[in-house]
Amino acid sequence: MNLDSETQSLIVSAKLGNEGAINNLFARYQSRILRIVRLRLYSGLRQKLRLQSMDVVQEVFVYSFQHLKDFEPKSQGHFLNWLAKKVEHYIYDRLDYVGRAKRESPAGEVSLDQEAEPSTDTSRGKLQIKDDGTTPSQFAVKQEREQLIDSLLDLLEPEQKELIIKRDLEELTFAEMGELLGKTEDAVRKQYCRAFKKLIELSEEKLKPILAEETFQKFKNGF
């Protein structure tokens, strides 16, 4: 999918240091990117690691946007994939600082807020979050739906899970996915279709017994 004109314009402005453009990019993509990153974390670490803190969210996105000057996105998927990778790298760099012993400790959660080395860059300001018009109830429904889907994705084989992340969350084309994975476009398409079919089967097996029929059909139709 081609990069939409608004995002393209925001990236150009952000490269020039326009704070408004950076804020708008953050508002547009922070929720999806953090979801992608959480899905790629192994489950034990995801349980311990707190990514809800807005201070951490802002920090990782500021880190990512600082690298925009060296990046020329070719498409929407290319940009989302790049941004997600930058956020992943940041998180793992900070976790390395906390230390493996702390990270693997069963004692409790790892907080990037408390454990990360303080930044010496005093020029960084706070990203300003704009209200997108979503009501609390709409947000709760959306979040619940995403959590259900993510719980199903965790049951897939890692390769199948990654295919769905790349296609449906990062919006990469099958050609772009093939290039990243070293496979043909047709091969990736077939593998994705098998992964998606498995996701549907898991929804029938795991969710249909616990959801009202109408609720389940709405959920399934939203895939």
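Residues numbered from 1 in each chain as written. Predicted model: local features only at pLDDT ≥ 70, side-chain atom pairs only at ≥ 80, totals over all residues. Heavy atoms only, no water.

We now examine the overall build of the protein chain. Helix and strand counts for the protein chain stand at twelve helices and two strands. Going from N to C terminus, the protein chain has its helices and strands arranged as α-α-α-β-α-α-α-β-α-α-α-α-α-α. Within the protein chain, the fraction of its 223 residues that count as buried is 41%. At a minimum sequence separation of 6, the contacts of the protein chain that also span at least 24 residues come to 68%. For the protein chain, the accessible area works out to roughly 12,800 Å², and carbon and sulfur atoms hold 50% of it. (Helix = DSSP H or I, 4+ residues; strand = E, 2+ residues; numbered from the N terminus. Buried < 20%, exposed > 50% of the residue type's maximum accessible area, 1.4 Å probe, protein only. Contact = heavy atoms within 4.5 Å. Areas by Shrake-Rupley, 256 points an atom, 1.4 Å probe, with all protein chains shown as cover.)

Quick look at the packing of helix H9 (residues 158-169) against helix H11 (residues 185-206) now. Axis separation between H9 and H11 bottoms out at 9 Å; the angle between their running directions is 105°. The pairing of H9 with H11 is recorded here as roughly perpendicular in orientation. Contact residues: Gln160, Leu163, Ile164, Arg167 and Asp168 in H9; Val188, Gln191, Tyr192, Arg194, Ala195, Phe196, Lys198 and Leu199 in H11. Classifying every residue of the contact of H9 with H11 by side-chain character gives seven nonpolar, two polar and four charged. (Axes fitted to C-alpha atoms, helices over the stretch in contact; angles between N-to-C directions. Parallel < 35°, antiparallel > 145°, perpendicular 65-115°, else oblique. Nonpolar A, V, L, I, M, F, W, Y, C, P; charged D, E, K, R; others polar.)

What follows concerns the pattern of salt bridges. A complete count under the given rule lists 16 salt bridges for this structure. Across the pair arginine 40 and glutamate 170 runs a salt bridge, and its minimum N-O distance is 2.9 Å. With arginine 40 in helix H2 (residues 19-40) and glutamate 170 in the loop between H9 and helix H10 (174-181), this residue pair connects regions lying 130 residues apart in the sequence. By relative accessible area, arginine 40 is classed as buried at 16%. Where salt bridges share partners, they join Arg40, Lys85, Glu88, Glu162, Lys166 and Glu170 into one cluster. (Salt bridge = Lys/Arg side-chain N within 4 Å of Asp/Glu carboxyl O.)

Now for the nonpolar core. Among soluble globular proteins, nonpolar side chains are generally buried collectively. Formed by 46 residues in total, the largest nonpolar core has its most connected members in Leu25, Ile33, Phe61, Phe65, Leu68, Phe79 and Leu83. Elements represented by at least two residues in this core include exactly helix H1 (5-15), H2, helix H4 (54-65), helix H5 (76-98), helix H8 (136-153), H9, H10 and H11. Residue contributions to this core peak at ten residues, all from H2. Look past the residues within four positions of phenylalanine 65 in its chain and what remains in contact with it is Ile22, Leu25, Phe26 and Leu83. (Core = buried A, V, L, I, M, F, W, Y, C linked by side-chain atoms within 4.5 Å.)

This part covers H1. For H1, the set of buried residues is Thr7, Leu10, Ile11 and Ala14. All buried residues of H1 lie within an arc of 100° about the axis, which places them on one face of the element. Where H1 begins, the capping side chain belongs to aspartate 4, and its oxygen is found 3.2 Å from the backbone nitrogen of glutamate 6. (Arc of directions from axis to C-beta. Polar contact = N/O pair within 3.5 Å; in protein donor to acceptor, adjacent residues only side chain to side chain.)

On to the packing of aromatic side chains. A complete count under the given rule lists five aromatic pairs for this structure. Aromatic pair phenylalanine 71 and tryptophan 82: ring centres 4.3 Å apart, planes at 10°, arrangement stacked. A residue pair is termed long-range when its members are at least 10 positions apart, and phenylalanine 71 in the loop between H4 and H5 and tryptophan 82 in helix H5 qualify at eleven residues. Taken as a pair, phenylalanine 71 and tryptophan 82 share a single burial class, namely buried. One aromatic cluster in this structure is built from Tyr29, Phe71, Phe79 and Trp82. Just above the ring of phenylalanine 174 sits the side chain of arginine 167; from NZ or CZ to the centre is 4.1 Å. (Phe/Tyr/Trp six-rings, centres within 6.5 Å; stacked < 30°, edge-to-face > 60°. Lys NZ or Arg CZ within 6 Å of the ring centre and 35° of its normal.)

Not every positive phi belongs to a glycine, and glutamate 171 is a case in point at roughly 65°. Here glutamate 171 shows up in the loop between H9 and H10. In this structure glutamate 171 comes out as buried when scored by relative accessible area, which is 18%.

The next point concerns the confidence of the model for the protein chain. A residue-level look at the protein chain finds 71% of positions with pLDDT of 70 or above and a mean pLDDT of 78. The lowest-confidence element of the protein chain is helix H7 (residues 112-115), averaging 51 in pLDDT; the highest-confidence one is H10, averaging 95. With pLDDT under 50 throughout, residues 114-125 is counted as low confidence; its partners more than four residues away or in other chains account for 14 contacts. (pLDDT = per-residue confidence, 0-100.)

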